[in-house]
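Below, each chain spelled out in residue letters.
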Amino acid sequence: MKLLKLLGAAAVCLSGLVALSAQAQDAWPSKTVRILVPFGPGSTPDTMARMTADYIGPKLGVPVVVENKAGAGGNIGTAAMAKAAPDGYTFGITISGPLAANTVLFPKLPYQPAQDLDFLTIAATQPSVLVVAPSLGAQNVDGLLKALRDRPGDYNYGSMGVGSISHLAMAALAATSGTDIVHVPYSTSAQVVTSILSGETQMGILPAAAVMEQVASGKLQALAVATAKRSAILPKLPTLAESGMPGIEADAWMGFVAPHGTPKAAEDRFTQEVVQMLKDPAIVKQLAKLHEEPVASTPAEMQAVVKGDLERWTPLIKANNIRFDN
């Protein structure tokens, strides 16, 4: 009889613990949530992070703050995400580079994306656009390739840094077409645009938001998009594949992650709020002005995209001996 009473008491305690655990999960969040950005203020991921913080903070009922930790091609901030306490109060937003190409570009990384981070959702994407200086006289990709072949090594392209997606996409174009183009790395897309306008470089593959205003004013000529299919944002521009340059896909996407081991309930709730935000017509309209398309992928879909990027860029990086410290 005593044993039965003890077992009964234990069952009551256990059910109480389960209830408390459920209440603790239901109580999330109970304090400030932060979103880490591995790039500076004003960058595309920073803009998305701040939009997200403003939108989901009231829905979560707690402040959501954005912290920028820029440097080393996004590695510093991404490492901070990976090393943060997995308690449900730190999330991050990042791009392809720190999750894929950087694992090949850098001899040693302070994090391993697949082991240290939980992929949540690709929030949005924008097409990368091949643009040239109008003085080049190229109206399409064939015209550009003719100019490059007529004067090998005489033309420069700008990128947002060694190993950036803008660098890798142009390196892929040169390799695919068998042309010789000189790479000039900068730090930001704005600097690359300035370099084309000033004549320091003559072309580049850059995020649409960085170039389309100059294209509209006639200061830059857009030739194609580096996407798998035509962009809904820029439907009149052909893809590089349609222009005879297959396999060059450089979507400028951004996605949310969390430190590995973050409670699933917190990850699910955070992701749910982000997905709902991306369905809001006002947000969709706001993203369109930035030349971005909402995605709201599943975690598995995000993993597949990262894997595809890694498989796409690894052979190019190794064949061209591209290193971040070149």
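How each quantity is defined
- Residues numbered from 1 in each chain as written.
- Predicted model: local features only at pLDDT ≥ 70, side-chain atom pairs only at ≥ 80, totals over all residues.
- Heavy atoms only, no water.
- Buried < 20%, exposed > 50% of the residue type's maximum accessible area, 1.4 Å probe, protein only.
- Helix = DSSP H or I, 4+ residues; strand = E, 2+ residues; numbered from the N terminus.
- Right-handed = clockwise from strand over helix to strand, strands pointing away.
- pLDDT = per-residue confidence, 0-100.
- Contact = heavy atoms within 4.5 Å.
- Axes fitted to C-alpha atoms, helices over the stretch in contact; angles between N-to-C directions.
- Parallel < 35°, antiparallel > 145°, perpendicular 65-115°, else oblique.
- Nonpolar A, V, L, I, M, F, W, Y, C, P; charged D, E, K, R; others polar.
- Salt bridge = Lys/Arg side-chain N within 4 Å of Asp/Glu carboxyl O.
- Expected span 1.5 Å × (residues − 1).
- Pairing = 2+ DSSP bridges.
- Arc of directions from axis to C-beta.
- Phe/Tyr/Trp six-rings, centres within 6.5 Å; stacked < 30°, edge-to-face > 60°.

1. Points about the pairing of strand E6 (residues 156-159)
Residue alternation in E6 divides its side chains into two sets, Asn156 and Gly158 and Tyr157 and Ser159, and both sets are buried. In the classification by handedness, the crossover that spans E6, the intervening helix H8 (residues 165-177) and the parallel strand E7 (residues 182-185) is right-handed.

2. Focus: the confidence of the model for the protein chain
Do not read the fine detail of predicted coordinates wherever pLDDT is low. The predicted model of the protein chain has a mean per-residue pLDDT of 91, with 91% of residues at 70 or higher. Contacts for the low-pLDDT stretch residues 1-25, under 50 throughout, to residues beyond four places or in other chains number one contact.

3. Topic: the packing of helix H11 (residues 264-279) against helix H12 (residues 281-289)
Remark: H11 packs on H12, axes separated minimally by 5 Å, with the N-to-C direction vectors making an angle of 75°. Comparing the axis directions of H11 and H12 gives the class roughly perpendicular. Counted together, Met277, Leu278 and Lys279 of H11 and Pro281, Ile283, Val284 and Leu287 of H12 form the full contact between these two elements. Classifying every residue of the contact of H11 with H12 by side-chain character gives six nonpolar, no polar and one charged.

4. Observations regarding the environment of proline 38
The topology assignment puts proline 38 in the loop between strand E1 (33-37) and helix H2 (44-60). A sequence separation of 57 residues divides proline 38 from isoleucine 95, and the C-alpha atoms of the two residues are 9.0 Å apart. When residues no more than four places from it in sequence are discounted, the contact partners of proline 38 are Lys69, Ala70, Gly71, Gly74, Gly77, Thr78, Met81, Ile93 and Thr94.

5. Regarding the pattern of salt bridges
A complete count under the given rule lists nine salt bridges for this structure. One salt bridge in this structure joins arginine 312 and glutamate 249, with 3.2 Å as the shortest N-O distance. Note that arginine 312 is positioned in helix H13 (residues 299-319) and glutamate 249 in the loop between strand E9 (221-225) and strand E10 (254-259), a separation of 63 residues in sequence. Of the residues examined, glutamate 249 reaches a relative accessible area of 26% and is grouped as partly exposed.

6. With respect to H8
For H8, built from 13 residues, the straight-helix expectation of 18 Å at 1.5 Å per residue is met to within 8% by its first-to-last C-alpha distance of 18 Å. Ser166, His167, Leu168, Ala169, Met170, Ala171, Ala172, Leu173, Ala174 and Ser177 are the residues of H8 that are buried. At its buried positions, H8 is contacted by strand E5 (128-132), helix H7 (141-150), E6, E7, strand E8 (203-207) and H13.

7. Section: the pairing of strand E3 (residues 90-95)
Most of E3 is tucked away, with five of its six residues classed as buried. As paired strands, E1 and E3 are joined by three bridges and run parallel to one another. Within the sheet, the bridge partner assigned to isoleucine 35 lies in E3 and is phenylalanine 91. Of the strand pairs in this sheet, E3 and E10 are connected by four bridges, and their pairing is antiparallel. Bridge pairing in E10 places isoleucine 95 opposite methionine 254.

8. As for unusual backbone geometry
Note the cis peptide between tryptophan 28 and proline 29, where omega equals -5°. Mapped onto the secondary structure, proline 29 falls in the loop between helix H1 (2-26) and E1. A positive phi is found at histidine 291, a non-glycine position, where the angle reads about 60°. If you trace the backbone, histidine 291 turns up in the loop between H12 and strand E11 (293-294). Overall, histidine 291 belongs to the partly exposed group, its relative accessible area being 21%.

9. Section: H7
Looking only at H7, the buried set comprises Val141, Leu144, Leu145, Ala147 and Leu148. Angularly, the buried residues of H7 cover 160° about the axis, an arc narrow enough to put them on a single face. Along H7, exposed side chains directed more than 90 degrees from the buried face belong to Asp142 and Lys146. Of the surrounding elements, those touching the buried residues of H7 are E5, H8, E8 and E9.

10. Considerations on the packing of aromatic side chains
What describes a pair of aromatic rings is the distance from one ring centre to the other and the angle between the planes of the rings. A complete count under the given rule lists four aromatic pairs for this structure. With a centroid separation of 3.9 Å and an interplanar angle of 5°, the aromatic rings of phenylalanine 91 and phenylalanine 270 are classed as stacked. Of this pair, phenylalanine 91 sits in strand E3 while phenylalanine 270 is found in helix H11, placing the two residues 179 residues apart along the sequence. The buried category is assigned to phenylalanine 91, whose relative accessible area is 0%. Residue phenylalanine 270 is classed as buried on the basis of its relative accessible area, which comes to 1%. Measuring from ring centre to ring centre gives 5.5 Å for phenylalanine 256 and phenylalanine 270, while their planes differ by 70°; the resulting arrangement is edge-to-face. A residue pair is termed long-range when its members are at least 10 positions apart, and phenylalanine 256 in strand E10 and phenylalanine 270 in helix H11 qualify at 14 residues. Here phenylalanine 256 matches phenylalanine 270 in class, with each residue buried. Grouped by ring-pair contacts, the aromatic residues Trp28, Tyr89, Phe91, Phe256 and Phe270 constitute a single cluster.

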